[in-house]
Amino acid sequence: MFARFTEGARNAVVRAGILALDAGRPALDADLMLLGLAEVRPFALRSFTATAADIRERVDTGDARALLATLGIDLDRVHRITRVGADDPASWSLRRSPLRPLRVMLYGPLGRLPLAMHARKAVEVALWWGPGRPVTGEDLMWGLLADHANGAARILADVGVDLRELVQELRGLAAGRAA
């Protein structure tokens, strides 16, 4: 599946997967997919005014930094030492299970992680939205916004993003690609 993704879109999904693994989550969900997009920003959407810090405040990342710091452990330093090359998108893959076609898995050097229903739906919409062309960060954002039940729109509204303007901008980009 990653073969159809642009480098930026792959980076965002890999970043979201790493965040999910760090948080000890059993699956990659839409909220971390949104945070991955906010951190990597594989698009130039002027109406996407949210910062990664804004979104991180509203997403449970299971951040153990404060607890480990009390023990004198710098988690960022540990990650730098132990994860050299782990965030390279080339070492990750996104595949559909041949036996369970509704299951999409993210595989990488840090482990494997199924995409939760809402994150899988976002990826499926992104793939469908641009048949025959690479999946971009804009396509992933469209996929997140297409499913009202995943909470991404609520998080974006909470941080002050004008959802109507964002959707119009995404539609305009899609119309420009189709022309």
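Residues numbered from 1 in each chain as written. Predicted model: local features only at pLDDT ≥ 70, side-chain atom pairs only at ≥ 80, totals over all residues. Heavy atoms only, no water.

Novice: Help me understand the packing of helix α2 (residues 30-40) against helix α7 (residues 137-146), please; the structure alone is not making it clear to me.
Specialist: Between α2 and α7, whose axes approach to 11 Å, the crossing angle comes to 150°. When the axis of α2 is compared with that of α7, the two are roughly antiparallel. Here the hand of the crossing between α2 and α7 comes out left-handed. For the pair formed by α2 and α7, the contact residues are A30, M33, L34 and L37 on the first element and G137, L140, M141 and L144 on the second. For the contact of α2 with α7, the per-class residue count stands at seven nonpolar, one polar and no charged. (Axes fitted to C-alpha atoms, helices over the stretch in contact; angles between N-to-C directions. Helix = DSSP H or I, 4+ residues; strand = E, 2+ residues; numbered from the N terminus. Parallel < 35°, antiparallel > 145°, perpendicular 65-115°, else oblique. Left-handed = near helix turned anticlockwise from the far one by under 90°. Contact = heavy atoms within 4.5 Å. Nonpolar A, V, L, I, M, F, W, Y, C, P; charged D, E, K, R; others polar.)

Novice: How do you make sense of the environment of A153 when you look at a structure like this?
Specialist: Relative to the helices and strands, A153 is located in helix α8 (residues 152-158). Relative accessible area serves as the criterion here: at 19%, A153 is assigned to the buried category. With 104 residues separating them along the chain, A153 and T49 place their C-alpha atoms 13 Å apart. Leave out the neighbours within four places in its chain, and A153 touches L145 and L163. (Buried < 20%, exposed > 50% of the residue type's maximum accessible area, 1.4 Å probe, protein only.)

Novice: Can you help me understand the packing of aromatic side chains in this one?
Specialist: How two aromatic rings sit relative to each other is set out by the distance from centre to centre and by the angle between their planes. Here the structure, examined in full by the defined rule, presents four aromatic pairs. A ring pair is formed by W128 and W129, whose centres lie 6.2 Å apart and whose planes are at 50°; its orientation type is tilted. When its relative accessible area of 62% is taken as the criterion, W128 is described as exposed. W129 gets classed as partly exposed once you look at its relative accessible area, which sits at 26%. Measuring from centroid to centroid gives 4.6 Å for W129 and W142, while their planes differ by 25°, and the two rings are stacked. Of this pair, W129 sits in helix α6 (residues 117-129) while W142 sits in helix α7, and the two are 13 residues apart along the sequence. Here W142 falls in the buried class, since its relative accessible area comes to 13%. Taken together through their ring pairs, the aromatic side chains of W128, W129 and W142 make up a single cluster. (Phe/Tyr/Trp six-rings, centres within 6.5 Å; stacked < 30°, edge-to-face > 60°.)

Novice: It is not clear to me how α6 should be interpreted in this structure. Could you clarify?
Specialist: Residues spaced three or four apart along an α-helix face the same direction, because each turn holds 3.6 residues. An ideal rise of 1.5 Å per residue puts 18 Å on 13 residues; α6 measures up with 18 Å between its terminal C-alpha atoms. Contact partners of the buried residues in α6: α2, β1 (93-96), β2 (104-108) and α7. (Expected span 1.5 Å × (residues − 1).)

Novice: How should I be thinking about the sheet that holds β2 in this particular structure?
Specialist: One open sheet accounts for three strands, arranged β1-β2-β3; its pairing is antiparallel. Only two strands of the sheet have a single partner each, and these edge strands are β1 and β3 (111-114). With strand direction ignored, the average angle separating the axes of adjacent strands in the sheet is 25°. Here β2 pairs with β3 via four bridges, running antiparallel. Bridge pairing in β3 links G108 to G111. Against the sheet, helix α1 (residues 7-22) makes contact with β2 and β3, and its axis sits at roughly 100° relative to β3, the strand it touches most. (Pairing = 2+ DSSP bridges.)

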